[in-house]
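Chain residues, written in single-letter form:
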Amino acid sequence: MDDVAASREEAETALRQGDWASVSAGLRWFQGNAEGPTDFGLVVEQLRYPNLVPMKIAARTLVRRYGAVGLSEVIKYLVSDDIEANAHEQIFGVLEELYMEEDIPVRDALLSMIADERYVQLWPVVTEILGEPRLAQGLQGVLKPQ
């Protein structure tokens, strides 16, 4: 299902409905329109939704709309105790897709986090992620359709 809410009001209502299809439709609206701290908070909450579809849309939205700040929230969730192994793989796959297929500068965001004291607690994880072969330098956009 690729439904998208038509407005902010519809998107917020969809998030409150709670079923995965509605939440996904609401998140798809935020994927193209999220801005500011209120929207950021709403999307971050959905990272912990108990279904992979909304979870992946939330991760994608945070990185695309909020850059390093959004990526830091995704990483915090990746290393949290309440993430399941399958979700970990799926969300990490989203980061790889954004980098290699959508030409989103995920690696640059990770490097900026290493240089920013606000993310000092995440530095070991960020360093580990930077070592992942599919996020290697030079691979950004390599699979993007021409």
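Residues numbered from 1 in each chain as written. Predicted model: local features only at pLDDT ≥ 70, side-chain atom pairs only at ≥ 80, totals over all residues. Heavy atoms only, no water.

Enquirer: Would you explain the overall build of the protein in this entry?
Expert: Along the protein, the regular secondary structure elements total 7 helices and 0 strands. Put simply, the protein runs from its N terminus to its C terminus through helices and strands in the order α-α-α-α-α-α-α. Whereas a compact globule of 146 residues would reach a radius of gyration of roughly 15 Å, the protein reaches 15 Å, a difference of no more than 12%. The principal-axis extent of the C-alpha atoms belonging to the protein is close to 40 × 40 × 30 Å. Within the protein, the proportion of its 146 residues that are buried is 47%. Contacts spanning at least 24 positions in sequence make up 61% of the contacts within the protein whose residues lie at least 6 apart. Here the protein displays about 7700 Å² of accessible surface, and carbon together with sulfur accounts for 50% of that area. (Helix = DSSP H or I, 4+ residues; strand = E, 2+ residues; numbered from the N terminus. Rg over C-alpha atoms; globule rule 2.2 N^0.38 Å. Buried < 20%, exposed > 50% of the residue type's maximum accessible area, 1.4 Å probe, protein only. Contact = heavy atoms within 4.5 Å. Areas by Shrake-Rupley, 256 points an atom, 1.4 Å probe, with all protein chains shown as cover.)

Enquirer: Sorry, what's going on with the packing of aromatic side chains here?
Expert: Between two aromatic rings, the relevant description is the distance of the centres plus the angle of the planes. For the coordinates displayed, the defined rule picks out 2 aromatic pairs. For the ring pair tryptophan 29 and phenylalanine 30, a centre distance of 5.1 Å and an interplane angle of 85° mean the geometry is edge-to-face. Of the two residues, tryptophan 29 and phenylalanine 30, neither departs from the other in class, the shared state being buried. Between phenylalanine 40 and tyrosine 66, the aromatic rings sit 4.9 Å apart at their centres with planes inclined by 70°, giving edge-to-face as the arrangement. Of the two residues, phenylalanine 40 is situated in helix H3 (residues 36–46) and tyrosine 66 in helix H4 (residues 52–78); the sequence distance between them amounts to 26 residues. An identical accessibility class is assigned to phenylalanine 40 and tyrosine 66; each is buried. (Phe/Tyr/Trp six-rings, centres within 6.5 Å; stacked < 30°, edge-to-face > 60°.)

Enquirer: Would you mind showing me how to read the confidence of the model for the protein here?
Expert: Low-confidence regions, as indicated by low pLDDT, have predicted coordinates that should not be scrutinised in detail. Within the protein, residue pLDDT values average 95, and 99% of them lie at 70 or more. Mean pLDDT in the protein bottoms out at helix H5 (residues 85–100), which sits at 94, and peaks at helix H6 (residues 106–114), which reaches 98. (pLDDT = per-residue confidence, 0-100.)

Enquirer: Please clarify how the nonpolar core should be interpreted in this entry.
Expert: What tends to happen in soluble globular proteins is that the nonpolar side chains get buried as a cluster. Core analysis: the biggest nonpolar cluster contains 46 residues, and Leu71, Val74, Val106, Leu110 and Met113 have the highest contact counts within it. Of the residues forming this core, the biggest block, 13 residues, is contributed by H4. Residues in contact with leucine 110, not counting those within four places in the same chain, are Leu71, Ile75, Val126, Ile129, Leu130 and Leu135. (Core = buried A, V, L, I, M, F, W, Y, C linked by side-chain atoms within 4.5 Å.)

Enquirer: Even after reading the chapter, I still don't get the environment of valine 4, so can you show me in this structure?
Expert: Residue position: valine 4 is located in the segment before helix H1 (8–17). Measuring from C-alpha to C-alpha, the distance between valine 4 and isoleucine 114 comes to 35 Å, with 110 residues separating the pair along the chain.

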